[in-house]
Amino acid sequence: MSTSWLDDIQWTEDGLVPVIAQLQDSGRVVMFAWMNRESLALTIAEGYAVYWSRSRQRLWRKGEESGHRQKVLDIQLDCDADVILIKIEQEGGIACHTGRESCFFRSLTDGEWQATEPVLKDPKAIYK
């Protein structure tokens, strides 16, 4: 497969593109991350989400430590070609390192961020 499609993406100055991970079945957004050209090409080749970790400065295969991989079912590019949406099947039902289904688990209530989603599994049991 040719990789010329990568040239259609409007990459940031540091060679990244924002990626939103959405559950295919429910439509719930579970994560936001970044990809570079290599991680996006690997995602296509492997069928599972591979991100670029800005904090670690390396490729990050989602679930490499936790086992909570993201099977990619569809990849979409927005109208400005600068944001990617991946529709996924979340293995293990946990996308967040806090042990929750989604990284978006806090709501602004009365001027404070309140956790509104339960912890499904203690992170200490996930990451050893």
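Worth saying up front: this structure is predicted, and the values here are computed from it rather than measured.

J.: Lay out the nonpolar core with the relevant residues and their values.
T.: Residues Y51 and I86 are the most contacted members of the largest nonpolar core, which totals 20 residues. Elements represented by at least two residues in this core include exactly β1 (17-23), β2 (29-35) and β6 (84-90). Residues in contact with I86, not counting those within four places in the same chain, are V19, I20, A21, Q22, M35, A49, Y51, Q70, V72, D74 and I75. Of all hydrophobic cores here, the second largest spans 5 residues; its members include L16, V50, W52 and L59.

J.: So what's going on with the sheet that holds β1? Residues and values would help.
T.: The strand order across the open sheet built from 4 strands is β2-β1-β6-β5, with neighbouring strands paired in mixed fashion. Two strands in the sheet have a free side with no partner beyond their single neighbour: β2 and β5 (70-77). Mean inter-strand twist for the sheet, computed between neighbouring axes without regard to direction, equals 30 degrees. With 7 bridges connecting them, β5 and β6 associate as antiparallel partners. Bridging across to β6, D74 finds its partner in K87. Sheet contacts for helix α1 (residues 37-46): β2, β5 and β6; angle to β5, the most-contacted strand, approximately 120 degrees.

Rules behind the numbers
Residues numbered from 1 in each chain as written. Predicted model: local features only at pLDDT ≥ 70, side-chain atom pairs only at ≥ 80, totals over all residues. Heavy atoms only, no water. Core = buried A, V, L, I, M, F, W, Y, C linked by side-chain atoms within 4.5 Å. Buried < 20%, exposed > 50% of the residue type's maximum accessible area, 1.4 Å probe, protein only. Helix = DSSP H or I, 4+ residues; strand = E, 2+ residues; numbered from the N terminus. Contact = heavy atoms within 4.5 Å. Pairing = 2+ DSSP bridges. Axes fitted to C-alpha atoms, helices over the stretch in contact; angles between N-to-C directions.

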